[in-house]
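Residue strings, one per chain:
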Amino acid sequence: MMSASPEDVILDCTGVSRSFGGVQAVSHCSLAVKRGSITGLIGPNGAGKSTFLATIGGAITPSAGRITFNGNDITAMPVHLRAQQGLIRTFQLGSDFPRLTVLENMMAACQDNPGETIIGALFQRRKWKRYERDRLAEAKELLVEFRLDTLQDEFAGNLSGGQKRLLELARAVMTRPRLLLLDEPTVGINPVLRARVIEVLLDMRRRGVTCLVVEHALDVVEELCDTVAVMVTGSVLRMGTMQEIQRDEHVIAAYLG
Amino acid sequence: MSFYIYTLVIFACSFGIASLGLNLQYGLTGTLNFAYVLFFALGAYIGGMVALGSQNAPIAQSLGEQFAFGLSLSLPYPLGPLAAALAGALLAAVVGLVLKRSLRDDFGALATVAIFLVAYTLAGSYTPAVNGYDGIAGIPSPFGDENTLLYVFVAVGWLALSYIIAAALSNSPYGRRMRAIREHPEAAEALGKPIFRTRMTVFILSNAMAALAGAVLVAFVSAWSPLSWQFPETLVFFSAVIVGGRGNNLGAVLGAMLIGVALQQAVLFLPAIPAAPTLIPALQWVITGVITIMFLWWRPSGLLPERKTNWRSLQPWSVRLGALRLGARSKPQ
Amino acid sequence: MATLHLFIADLAFASVIAAVLGLATVAFSLQYAVSNVLNLALGELLTMAAYFAYAGSRYGHLPVWLAGLIAILMVGVCSVGLNHFLIAPFSRRSTSAFTPMIVTFAVSAVLEHLVVAVFGPNSFTLQLGNTSTAIRLGDFALSWNELVTIAMAIVAMVLLQVVLKRTLLGKAMRAIVDNRSLARACGIRTNRVTDLAWFISGCLAGIAGLALLVSTGTGNSLLGTSFLLFIIPAAFLGGMGSMYGAMIGAVVIAFASDWSSILFGSQYKVVIGLVLLLLIFFVRPSGIVAMPSRRWEGGK
């Protein structure tokens, strides 16, 4: 296990457990994610990666253990409050808003919009219009970066699978996240878009966004992640760089059964 | 003849307000509430009972004594609708808190059916509350019987106010949040939107609008009983929203005109067929149901589909007018 | 003690209601199990059974038992039509369960008023069977009609149980409930089996409608709609999970509402169902969706 000083750690999970009907999906799982890193979470099928990610995102409450984010205990915090603190998760399946346009999808990701309360929407129109003008410019820039700008007034439901993936990532960036939880961001999209997604994620690290990525494709992990955590039967077995992991005999044994 | 037109205008205003409310909760936020007409009815009862007074017609006096909470207040006009809206909001808060997270799924919708049916049966069989199946009558006209035209204008004013609020909300970032929650609640939650609180807020607001609509109607028709709010009545509002266009406020009002007024009310003034007086009303319901299903299948977006955001409206008027003058106006989307 | 006598005297009536409610609730849950739609038009299926039987005996001059049998089968066919032409197409197209549910709501309004348009608004009476007492035990008395109703319900339940457990159709139905796409991949003709399930549930609803008519003696266009008031709490209580759950829910609701009307007055008999239903929502914050058994086991 790598040691890190507390300020360097953005997400700290200790002893997280969760079982479903007698099956221990995650058991005493501990993981520390360093600020500014791209950490990969790999492991054989059924190792509990997705469940673990869901407990961090808040969709599943752990039965034991503690999760701190940015120094705050978030173990029992509702999903939307985690998101408001900058802990954003993306989904394995499409999570676009199909009957909102691409640009509306982007704008729906704004976190502190003064027009998102009844009072604000009705009585502070000038304020939220000014806010939206600024964020709209930002959203359009992001869409250019993600090469979705030509589709900005198209309904998100009409995009292709890969474009939806890009939109979801762009939307996640739009929230100005601190930590992004990505569940297989490159699955089911063509190689050109896949390279694009990797490029975007690397670019995000440069902006100071931390990423925790669940990924099956080891070549993507190698290209993307500076730290890799290997999960086997519900807990993290090893953590280190990809080279270290590939040489570790415990990991090899776990993967080969 | 003028009374006929007044009647239609009042019905249009009342049903328009109620359809706007249903559009907020069903069309925009995706909450399914089959007890919607219960809130409408509650507003009518409250609005009527607040206005009923001991100095009104004798029928009102005899009724007034039977009410458990003795509302012979004879309060001046705007208090009736306001009290109605407040009561609707309170009932919505209670229902919403009981259903909690089920507010979004089909089981919650089924529970609203049960809530409606029980409330309906109780309103009819427990006479001390709202005088049972006889209902309340003799509700005074707000500005006197000779000033009906004035009340028509007031009713139009209520509709205008409701429309302004509904339109301002749905075109704001709050409206975008409502639509996001309708489209994909989990994703909206993961983007930091409090879905239960938002649903709840819209549920309270829109059901208050339904109650207001009931109060607007009862001040004109002057009587209210369970016969006016049977279970299928909710379908009128659903039909109005679906035919008009889910998510479009103008569509909701248009739907209320077409389904609520033209199909359901205007025909009531046709001479009845002597041999079968119930044939025409029964066929109206059949047509309402069939039209709803046909729209859901062939034109689910309705006559006026939900509009995409007009980003240009974010610009201050000076900029927008300037662009017009320069002829730089690009094609609208 | 006086109340106890009343309880016993009412036992027969409550049992009949429990039988009718049991049939209707099983039909409701079965439709939900195979099609994932909560059918608000179920009450109208009950109403239509009563009207078909009435029309058959009044205008068709058929013997009552034959008119009843034909009515049951016709309601079964109507139920298949409802699924095949409306619910199944809408479910295939939309991802949310709301649109099919609104369709059933519209259908319920259409059917309720279609009955009025065809038969007129007045109530009708149909003299069915024999109202004389068949069994008497102290305060407890059971008329022949009540006996036949309860027997009919029991026979229908046993038949359904046999179909579910012993036949290929039942096996296919349970497979669909478990996992529809997997069932299709295994070569089960899911659409046809779903239609058959709707036929069975329509027949159950038809029997329930006739039994309701027998127990009340008069029918009108609201006969079934008002009964929805008891079906919904019973279905919630039973958890929509299994046939036995639905039956237990029905028995609880029938007896609770009947006895509460003795204790507190008849207008309160509707309240107990709602109280139970809201209680379910309150103790299970996630709604009953989280209940462990969402599968149609057909009993264990």
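Please read these numbers as outputs of a predicted model, since none were measured by experiment.

**Some details on the environment of S162(B)**
All names here are of chain B.
- Along the chain, the position of S162 falls in helix α7 (residues 148-170).
- Remark: the alpha-carbon pair of S162 and H184, spanning 22 residues in sequence, is separated by 27 Å.
- Residues contacting S162, with those up to four places away along its chain left out, are I17, L20, M209 and L212.
- Only 2.8 Å separates the side chain of S162 from the backbone oxygen of W158, close enough to count as a polar contact.

**A closer look at helix α5 (residues 125-145) of chain A**
Residue and element names in this part refer to chain A.
- Here α5 spans 30 Å end to end across 21 residues, near enough to the 30 Å set by a 1.5 Å rise per residue.
- Within α5, the full set of buried residues consists of W128, K129, Y131, E132, R135, L136, A139, L142 and L143. For α5, the angular spread of buried residues about the axis comes to 155°, placing them on one side. In α5, the exposed residues that point more than 90 degrees away from the buried face are R126, D134 and E141.

**Some points on the interface of chain B and chain C**
- Taken together, the contact between chain B and chain C spans 46 residues of the former and 46 residues of the latter.
- Of the roughly 4200 Å² buried between chain B and chain C on both sides combined, carbon and sulfur atoms contribute 83%.
- Its largest share of buried area at the contact with chain C, chain B owes to F107(B), L110(B) and W297(B), together 18% of the area lost on that side.
- Taken together, the connections running from chain B to chain C amount to zero salt bridges.
- At the junction of chain B and chain C, the tally comes to one residue pair in polar contact (both at pLDDT 80 or more).
- Breaking the side of chain B that touches chain C down by element, the ones donating at least two residues are α4 (79-99), α5 (106-125), α11 (233-244) and α13 (279-298) of chain B.
- Of the residues forming the side of chain B that touches chain C, the biggest block, 14 residues, is contributed by α5(B).
- Across the side of chain B that touches chain C, the residue classes tally to 31 nonpolar, nine polar and six charged.

**A closer look at the confidence of the model for chain A**
- When the pLDDT values of chain A are averaged, the result is 87; 96% of them are 70 or greater.
- Of all secondary-structure elements in chain A, the lowest mean pLDDT belongs to helix α10 (residues 249-256) of chain A, at 75, while helix α3 (residues 102-107) of chain A reaches the highest, 95.

**A closer look at a nonpolar patch on the surface**
- On the surface, Y126(B), L263(C), F264(C) and Y268(C) cluster together into a nonpolar patch covering about 400 Å² of accessible area.
- Inspection of the secondary structure assignment puts F264(C) in helix α10 (residues 243-264).
- Of the residues examined, F264(C) reaches a relative accessible area of 57% and is grouped as exposed.

**Focus: the pattern of salt bridges**
Residue and element names in this part refer to chain B.
- In total, this model carries 17 salt bridges over all chains according to the counting rule given.
- With its nearest N and O atoms 3.2 Å apart, the salt bridge here joins R179 to E306. In this pair, R179 sits in helix α8 (residues 173-183) while E306 sits in the loop between α13 and α14 (317-325), placing the two residues 127 residues apart along the sequence. Here R179 and E306 have matching classes, each one buried.
- Two residues, E183 and R182, come together in a salt bridge whose shortest N-O distance is 2.9 Å. In this structure, E183 and R182 share a single accessibility class: buried.

**Description of the arrangement of the chains**
- When the two pairs of chains in contact are ranked by number of contacts, first place goes to chains B and C.
- Nothing in chain A touches chain C; the tightest C-alpha to C-alpha distance between them is still 10 Å.

**Quick notes on the packing of aromatic side chains**
- Scanning all chains against the criterion turns up 30 aromatic pairs over all chains.
- Geometrically, the ring pair formed by F34(B) and F238(B) is tilted, given 5.7 Å between the ring centres and 35° between the ring planes. Note that F34(B) is positioned in the loop between α1 (2-28) and α2 (36-51) and F238(B) in helix α11, a separation of 204 residues in sequence.
- Using a relative accessible area of 0% as the deciding quantity, one classes F238(B) as buried.
- Plain terms: the ring middles of F116(B) and F231(B) are 5.6 Å apart, the flat faces sit at 40° to each other, and that makes the pair tilted. Of this pair, F116(B) sits in helix α5 while F231(B) sits in the loop between α10 (195-221) and α11, placing them 115 residues apart in sequence. Each of the two residues, F116(B) as well as F231(B), counts as buried.
- Taken together, the aromatic side chains of Y26(B), F34(B), Y45(B), F116(B), Y120(B), W229(B), F231(B), F238(B) and F105(C) make up a single cluster linked through ring pairs.
- Here the basic side chain of K308(B) rests over the ring of F155(A), its NZ or CZ set 4.7 Å away from the ring centre.

**Observations regarding the nonpolar core**
- Judged by nonpolar contacts, the single largest core of 190 residues is most densely connected at F34(B), W224(B) and W229(B).
- It is helix α1 (residues 2-35) of chain C that contributes the most residues to this core, 17 residues altogether.
- Residues in contact with W229(B), not counting those within four places in the same chain, are V37(B), L38(B), A41(B), Y45(B), F116(B), A119(B), Y120(B), A123(B) and W224(B).
- The next biggest cluster of nonpolar side chains, apart from the first, holds 65 residues, and it includes A108(A), A170(A), A172(A) and I181(B).

**Examining the interface of chain A and chain B**
- Of the residues lining the interface, 39 residues belong to chain A; the matching set on chain B comes to 35 residues.
- Taken together, the two surfaces of chain A and chain B that pack against each other cover about 3300 Å², and 63% of this comes from carbon and sulfur.
- Here chain A and chain B share five salt bridges between them.
- In this structure, K193(B) engages E116(A) in a salt bridge whose closest nitrogen and oxygen atoms are separated by 3.0 Å.
- Listing elements by their share of the side of chain A that touches chain B, those giving two or more residues are α2 (79-84), β6 (87-89), α3, α4 (118-123) and α5 of chain A.

**Side note on the state of the cysteines**
All names here are of chain A.
- Evaluation of the coordinates by the stated rule reveals zero disulfides over all chains.
- Cysteine C225 shares no disulfide, and the gap to the nearest cysteine sulfur, in C211, comes to 8.8 Å.
- Here C225 falls in the buried class, since its relative accessible area comes to 9%.

**Observations regarding the packing of α5(A) against helix α6 (residues 161-174) of chain A**
All names here are of chain A.
- Running from N to C, α5 and α6 cross one another at 145°; their axes reach a closest spacing of 10 Å. Crossing geometry of α5 relative to α6 is assigned as right-handed. Of α6, the residues touching α5 (which contributes R135, E138, A139 and L142) are A170, V173 and M174.
- Of the residues assigned to the contact of α5 with α6, the class counts are five nonpolar, no polar and two charged.

**Section: unusual backbone geometry**
- A positive phi angle, near 65°, is found at S222(B), a position not held by glycine.
- The residue S222(B) is located in the loop between α10 and α11 in this model.
- One non-glycine residue with positive phi stands out, namely H61(C), at about 55°.
- With respect to the secondary-structure elements, H61(C) resides in the loop between α2 (42-58) and α3 (64-93).
- With relative accessibility at 67%, the residue H61(C) sits in the exposed group.

**Looking at α10(C)**
All names here are of chain C.
- Helix length check: α10 (22 residues) gives 31 Å between terminal C-alpha atoms against 32 Å at 1.5 Å per residue, within 8%.
- Taken as a whole, α10 has its buried residues at M243, G245, A246, G249, A250, I253, A254, F255, S257, D258, S260 and S261.
- Following α10 by one or two positions, G265 has its phi on the positive side, about 110°.

**Quick look at the environment of G224(C)**
Residue and element names in this part refer to chain C.
- Mapping G224 onto the fold places it in the loop between β4 (218-219) and α9 (228-238).
- Among the residues examined, G224 registers a relative accessible area of 0% and is labelled buried.
- Along the sequence, G224 and V64 sit 160 residues apart, while their C-alpha atoms lie 20 Å from each other.
- Setting aside chain neighbours within four positions, we find G224 in contact with G43, L46 and T47.

Thresholds applied
Residues numbered from 1 in each chain as written. Chains lettered and ligands numbered in written order. Predicted model: local features only at pLDDT ≥ 70, side-chain atom pairs only at ≥ 80, totals over all residues. Heavy atoms only, no water. Helix = DSSP H or I, 4+ residues; strand = E, 2+ residues; numbered from the N terminus. Contact = heavy atoms within 4.5 Å. Polar contact = N/O pair within 3.5 Å; in protein donor to acceptor, adjacent residues only side chain to side chain. Expected span 1.5 Å × (residues − 1). Buried < 20%, exposed > 50% of the residue type's maximum accessible area, 1.4 Å probe, protein only. Arc of directions from axis to C-beta. Buried area = accessible area lost by both parts, 1.4 Å probe. Salt bridge = Lys/Arg side-chain N within 4 Å of Asp/Glu carboxyl O. Nonpolar A, V, L, I, M, F, W, Y, C, P; charged D, E, K, R; others polar. pLDDT = per-residue confidence, 0-100. Patch = residues over 30% accessible without salt bridge, like charges linked within 9 Å, V, L, I, M, F, W, Y side chains within 5 Å. Areas by Shrake-Rupley, 256 points an atom, 1.4 Å probe, with all protein chains shown as cover. Phe/Tyr/Trp six-rings, centres within 6.5 Å; stacked < 30°, edge-to-face > 60°. Lys NZ or Arg CZ within 6 Å of the ring centre and 35° of its normal. Core = buried A, V, L, I, M, F, W, Y, C linked by side-chain atoms within 4.5 Å. Disulfide = S-S within 2.5 Å. Axes fitted to C-alpha atoms, helices over the stretch in contact; angles between N-to-C directions. Left-handed = near helix turned anticlockwise from the far one by under 90°.

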